Amino acid sequence: AKRTLEEPLTEKPVMVPITTKGFFSGTLKPSIKDGQEQVLVKMGSGHLVELDRSQAIDHLDGRIQSLLSPSVATAPTNGKAKESLSS
């Protein structure tokens, strides 16, 4: 995915799904803002953010580093979990 972001996306050929088995060919035409191609980046469940390619690469690098670094166990943050932890 990172390698794909490092290459220009404009006019790149793609296959666009229209059903589970049906596709048609298309061409990417990303929006341009301040001379930079914009891409959609998934930031969580159902949340997409439009970033330029360099910001998207930085975000992806951060996610990769967080997966590779030792994680610290954290307690769930919803109210039910806090109540069950204090019991």
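Residues numbered from 1 in each chain as written. Predicted model: local features only at pLDDT ≥ 70, side-chain atom pairs only at ≥ 80, totals over all residues. Heavy atoms only, no water.

Caption draft 1: Layout of the overall build of the chain. A count of helical and extended segments in the chain gives three helices and five strands. Traced from its N-terminal end to its C-terminal end, the chain shows the element sequence α-β-β-β-β-β-α-α. Within the chain, the proportion of its 87 residues that are buried is 17%. For the chain, contacts bridging at least 24 residues in sequence account for 22% of all contacts bridging at least 6. By element, 57% of the accessible surface of the chain is carried by carbon and sulfur atoms, the whole surface being about 7200 Å². (Helix = DSSP H or I, 4+ residues; strand = E, 2+ residues; numbered from the N terminus. Buried < 20%, exposed > 50% of the residue type's maximum accessible area, 1.4 Å probe, protein only. Contact = heavy atoms within 4.5 Å. Areas by Shrake-Rupley, 256 points an atom, 1.4 Å probe, with all protein chains shown as cover.)

Caption draft 2: Spatial organisation of the confidence of the model for the chain. Residues with a pLDDT of 70 or more make up 79% of the chain, whose mean pLDDT is 80. Under a pLDDT of 50 for its full length, residues 79-87 has, in the predicted model, five contacts with residues more than four places off or in other chains. (pLDDT = per-residue confidence, 0-100.)

Caption draft 3: View of the pairing of strand β1 (residues 13-17). Judged by how many residues are buried, β1 sits mostly at the surface: zero of five residues are covered. Bridge count for β1 against strand β2 (residues 23-27) is five bridges, and the pairing is antiparallel. In the sheet register, methionine 15 faces β2, and the bridge partner there is serine 25. Adjacent in sequence and paired antiparallel, β1 and β2 are bridged by five residues. (Pairing = 2+ DSSP bridges.)

Caption draft 4: Region of the structure containing the nonpolar core. Leu5, Leu9, Val39, Val41, Leu51, Ala56 and Ile57 form the largest nonpolar core, which has seven residues in total. Contributions of two or more residues to this core are made by β4 (36-44) and α2 (53-68). The contact partners of valine 39, leaving out residues within four places of it in the chain, are Leu5, Leu9, Val49, Glu50, Leu51, Asp52, Arg53 and Ala56. (Core = buried A, V, L, I, M, F, W, Y, C linked by side-chain atoms within 4.5 Å.)

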